[in-house]
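This is what each chain is made of:
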Amino acid sequence: MTTLDTDISDVSTLKKIERTAEQSRKGLTNRWASLGALVIAVLWTVPTAGLLISSFRPEADIKTTGWWRIVTDPAFTLDNYRAVLSGASQYNLSDYLINSAIITIPAVIIPISIAAMAAYAFAWMQFPFKNTLFVLVFALQIVPIQVTMIPLLRLYVDLGLAGGDAPGGGFYTIWLSHAMFALPLAIYLLHNFMNEIPGELIESARVDGAGHVQIFTRLILPLMTPAIAAFAILQFLWVWNDLLVALVFGGGSPDVSPLTVQLAALSGTRGQDWHLLAAGAFVSLIVPLIVFLSLQRFFVRGLLAGSVKG
């Protein structure tokens with residue numbers, strides 16, 4: 001094939017891409033797509049608005065009327081928040097809020113740190129059985145969490161990591177469990193992103209005398225910020241809202257229980273304090289909401305990273 005034929009082929013391919021992009025843009029911006037997005041937004045927002053309004057309503061109103069009655073019979077109070085945050089009731093969420101932060105932050109940092117290094121090794125280093133190991137790591141994503149819980153718990157007990165007398169007061173088991181459950185997906189996502197980085201950048205760094213450590217820390221990590229931030233948000237939301245892992249590996253101890261454990265108790269087996277559930281749920285919701293809104297630009301960039309090669 002001549003150079004002219006190659007140029008013509010490239011131009012034709014570029015025009016096809018532009019036509020496809022234009023068709024997609026028109027499909028996503030027509031009136032029916034806008035109407036569908038509006039309906040989804042309303043359906044998504046109404047329950048959240050109801051939860052917020054209910055959290056400020058007096059106990060008697062919550063137990064007798066729906067939240068929409070606020071339009072005809074407005075009444076607001078901060079008693080629900082005082083009860084769940086200041087210990088005015090038997091449910092004090094302040095300590096559990098701190099426990100959730102203590103659990104979530106390391107459970108996000110640990111898998112990202114390990115996955116970034118592993119992804120770099122799979123993408124840019126040569127070692128025996130690399131492809132086989134990557135396939136095995138990818139296959140671990142289909143293993144149900146429930147299948148691993150009893151073997152992991154027995155291993156923690158044998159190693160002395162379980163219980164209140166264990167190092168870290170029992171937080172280690174929750175951190176390690178969340179890290180292990182997150183690693184396969186984290187490695188896979190970060191590896192795919194690294195594969196989109198032009199190899200010429202890596203080769204240029206090697207020609208300049210940079211080793212793997214310098215390439216990873218000075219070149220790869222800055223380029224991977226959107227992908228790392230995207231996975232960090234997903235992992236943060238997963239760990240913050242987790243109940244099962246915290247109950248199993250934390251043993252139900254109040255000293256290591258996150259906010260979700262106390263919210264489950266707040267819903268009540270007898271239901272006598274369920275009027276506090278709206279305030280407690282919104283306290284749990286506000287932190288991940290702030291995190292997501294603060295990092296949403298990285299989240300979108302991370303999801304789109306690698307989708308188009310340029």
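Everything that follows concerns the structure shown earlier in this document.
An account of the accompanying structure is given in this report. Computed from a prediction, not measured in an experiment: that's the story for all the values here. The residue count restarts for each chain, going from 1 along the sequence in the order it is written. Since the coordinates come from a predicted model, pLDDT governs what is reported: local features require at least 70, and pairs of side-chain atoms require 80 or more to be given and counted, while whole-chain, interface and lining totals use all residues. To get the side-chain values, take all heavy atoms of the structure and skip hydrogens and water.

## Quick notes on the environment of A182
Among the structural elements, A182 can be located in helix α8 (residues 171–195). Expressed as a C-alpha distance, the spacing of A182 and L234, which sit 52 residues apart in the sequence, is 10.0 Å. Only heavy atoms enter the contact rule, under which two residues are in contact if any of them lie within 4.5 Å. Residues contacting A182, with those up to four places away along its chain left out, are P111, F231 and Q235. Elements are defined by DSSP. Helices are runs of H or I of four residues or more, strands are runs of E of two residues or more, and each kind is numbered from the N terminus.

## What about the environment of T45?
Inspection of the secondary structure assignment puts T45 in helix α2 (residues 31–55). Note on classification: 1.4 Å probe, protein chains only; a residue is buried when its accessible area is under 20% of the maximum for its type, exposed when over 50%, partly exposed between these limits. For T45, a relative accessible area of 46% gives the class partly exposed. As used in this structure description, the phrase polar contact means that two N or O atoms lie within 3.5 Å; if the pair is within protein, one of them must be able to donate a hydrogen and the other to accept it, and residues adjacent in sequence are counted only when both atoms belong to side chains. Of the polar contacts made by the side chain of T45, one reaches the backbone oxygen of A41; its length is 2.6 Å.

## As for the pattern of salt bridges
The salt bridge criterion pairs a side-chain nitrogen of Lys or Arg with a carboxyl oxygen of Asp or Glu, the two atoms within 4 Å. Scanning all chains against the criterion turns up three salt bridges. Taking the shortest distance from any N to any O, the salt bridge between E59 and K63 comes out at 2.8 Å. Linking E59 with K63, this pair stays in helix α3 (residues 59–64), spanning four residues, or about one helical turn. Residue class for E59 comes out partly exposed when judged on its relative accessible area of 37%. Note that R206 and E203 form a salt bridge whose closest N and O atoms lie 3.3 Å from each other. A residue pair is termed a helical-turn pair when its members lie 3 or 4 positions apart in one helix, as R206 and E203 do in helix α9 (residues 199–207) at three residues. A residue is classified by how much of its surface remains accessible, and R206, at 33% relative accessible area, is partly exposed.

## Digging into unusual backbone geometry
Positive phi is not limited to glycine here, since F129 has a value of about 60 degrees. Along the chain, F129 turns up in the loop between α5 (93–124) and α6 (130–139). Its relative accessible area of 65% is what places F129 among the exposed residues.

## A look at the nonpolar core
Here, the term nonpolar core denotes a set of buried Ala, Val, Leu, Ile, Met, Phe, Trp, Tyr and Cys residues that are joined through side-chain atoms within 4.5 Å. Y120, W124, L190, M194, I220 and M224 are the most contacted members of the largest nonpolar core, which has 44 residues in total. A total of twelve residues in this core trace back to one element, the largest contributor, which is α5. What M194 contacts, discounting residues up to four positions off in sequence, is A116, A119, Y120, A123, W124, F216, I220 and M224.

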